[in-house]
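Chain residues, written in single-letter form:
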Amino acid sequence: MSLDPAMVTSLGKIGGALSLGLSALGSALGIGAAGMAAVGAWKKCFAQNKPAPFLQLAVCVGAPITQTFYGMIVMRKLLEIAAKGSDFASLIGWGLFGGLAIGLSAWMQGKIAAAAADAFAETGQGFTNYLLALGIIESVAIFVMVFILISA
């Protein structure tokens, strides 16, 4: 069965939707994990009459949002390719596996951020070290995005 060009383009757009959707899902899970930990850390500080580190914990909570942007950038690339009538199966593959990798990076970044929020609120030390760990897991998402942009 042969598909008409409009159907090929439409099916190819699924890859873009997968990329953005899975990346955003990972960001939501990561932000949820980090946000819950930050709220608990702020509560501990308030209960102990210690100053609550707002900015540092807000950085932890917000770190996983960037992966949604990476998923959107990949989506735009895949939509551009789909508009040319490229093989939709490969676009779905790029979107699915790229979105999963970017989304998992965000989710794990949120888990790292949760541990960082707890540790920083407890000790008031090590924030630069925690940023390093957040940056390393962020690199996974950046690498995936770049590899898709140059390979798709």
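Because the structure is predicted, anything quoted here is derived from the model rather than measured.

Basis of the calculations
Residues numbered from 1 in each chain as written. Predicted model: local features only at pLDDT ≥ 70, side-chain atom pairs only at ≥ 80, totals over all residues. Heavy atoms only, no water. Helix = DSSP H or I, 4+ residues; strand = E, 2+ residues; numbered from the N terminus. Rg over C-alpha atoms; globule rule 2.2 N^0.38 Å. pLDDT = per-residue confidence, 0-100. Salt bridge = Lys/Arg side-chain N within 4 Å of Asp/Glu carboxyl O. Buried < 20%, exposed > 50% of the residue type's maximum accessible area, 1.4 Å probe, protein only. Phe/Tyr/Trp six-rings, centres within 6.5 Å; stacked < 30°, edge-to-face > 60°. Contact = heavy atoms within 4.5 Å. Axes fitted to C-alpha atoms, helices over the stretch in contact; angles between N-to-C directions. Parallel < 35°, antiparallel > 145°, perpendicular 65-115°, else oblique. Nonpolar A, V, L, I, M, F, W, Y, C, P; charged D, E, K, R; others polar. Core = buried A, V, L, I, M, F, W, Y, C linked by side-chain atoms within 4.5 Å. Patch = residues over 30% accessible without salt bridge, like charges linked within 9 Å, V, L, I, M, F, W, Y side chains within 5 Å. Areas by Shrake-Rupley, 256 points an atom, 1.4 Å probe, with all protein chains shown as cover.

**Q** Even after reading the chapter, I still don't get the overall build of the protein chain, so can you show me in this structure?
**A** Helix and strand content of the protein chain: five helices and zero strands. Starting at the N terminus, the α and β elements of the protein chain follow one another as α-α-α-α-α. Expected size for 152 residues packed as a compact globule is a radius of gyration near 15 Å; at 19 Å, the protein chain overshoots this value by more than 25%. Considering only C-alpha atoms, the protein chain reaches an extent of 70 × 25 × 20 Å along its principal axes.

**Q** Hey, could you run me through the confidence of the model for the protein chain in this one?
**A** Low pLDDT marks stretches whose predicted atomic positions should not be read closely. When pLDDT is averaged along the protein chain, the result is 94, and 99% of the positions lie at 70 or above. Model confidence for the protein chain, summarised as mean pLDDT per element, is weakest for helix H1 (residues 5-47) at 94 and strongest for helix H5 (residues 127-151) at 97.

**Q** Honestly, the pattern of salt bridges in this entry has me stumped. Any pointers?
**A** If the charged atoms of two oppositely charged side chains come close together, the side chains can form a pair. The tally for this structure, following the rule as stated, stands at two salt bridges. The partner of Lys-44 in a salt bridge is Asp-118, with the nearest N and O atoms 2.5 Å apart. Here Lys-44 is found in helix H1, whereas its partner Asp-118 is found in helix H4 (residues 88-123), with 74 residues between them in sequence. Residue classification places Asp-118 among the partly exposed residues on the basis of a relative accessible area of 34%.

**Q** Got a minute to help me understand the packing of aromatic side chains in this structure?
**A** Each aromatic ring pair is summarised here by two numbers: the centre-to-centre distance and the angle between the ring planes. Following the criterion strictly, the structure yields three aromatic pairs and no others. Ring geometry for Phe-143 against Phe-147: centres 6.2 Å apart, planes inclined by 20°, an arrangement best described as stacked. Here Phe-143 and its partner Phe-147 are both found in helix H5, four residues apart, which amounts to about one turn of the helix. Since its relative accessible area comes to 48%, Phe-143 is described here as partly exposed. Residue class for Phe-147 comes out partly exposed when judged on its relative accessible area of 49%.

**Q** Which parts of the structure should I look at to understand the side chain of Ser-27?
**A** Tracing the chain through its elements places Ser-27 in helix H1. Apart from residues no more than four positions distant in its own chain, Ser-27 is found in contact with Pro-64, Ile-65, Gln-67, Thr-68 and Ala-106.

**Q** I tried to follow the packing of helix H3 (residues 66-83) against H5 on my own but got confused; where do I start?
**A** Helix packing for two helices is described by the angle between their axes and how far apart those axes are. Direction vectors running N to C along H3 and H5 enclose 5°, while the axes themselves pass 10 Å from each other. By the angle between their directions, the pair H3 and H5 is classed as roughly parallel. In this structure, H3 contributes Thr-66, Gln-67, Tyr-70, Ile-73, Val-74 and Lys-77 to the contact, and H5 contributes Glu-138, Ala-141, Ile-142, Met-145, Ile-148 and Leu-149. Here the residues of the contact of H3 with H5 are counted per class, giving eight nonpolar, two polar and two charged.

**Q** Where do I start with the packing of H4 against H5 in this structure?
**A** Where H4 meets H5, the closest approach of the two axes is 9 Å, and the angle between their N-to-C directions is 170°. The pairing of H4 with H5 is recorded here as roughly antiparallel in orientation. Of the residues that constitute the contact of H4 with H5, the class distribution is 19 nonpolar, five polar and one charged.

**Q** What am I meant to see in the nonpolar core here?
**A** Most often, soluble globular proteins keep nonpolar side chains buried together rather than apart. Ala-38, Leu-57, Cys-60 and Ala-113 are the most contacted members of the largest nonpolar core, which totals 17 residues. For this core, the secondary-structure elements that each account for two or more residues are H1, helix H2 (54-62), H4 and H5. Each residue touching Ala-38, except ones within four places of it in the same chain, is listed here: Leu-57, Val-61 and Ala-117.

**Q** How should I be thinking about a nonpolar patch on the surface in this particular structure?
**A** Side chains of Leu-25, Leu-29, Leu-104, Trp-107 and Met-108 sit close together on the surface and give an oily, nonpolar patch of about 430 Å² of accessible area. Among the elements of the structure, H1 and H4 are those that each provide at least two residues to the nonpolar patch. Ranked by the residues each element gives to the nonpolar patch, the list is headed by H4, at three residues. Following the sequence through the fold, Met-108 ends up in helix H4. A relative accessible area of 34% means that Met-108 is categorised as partly exposed.

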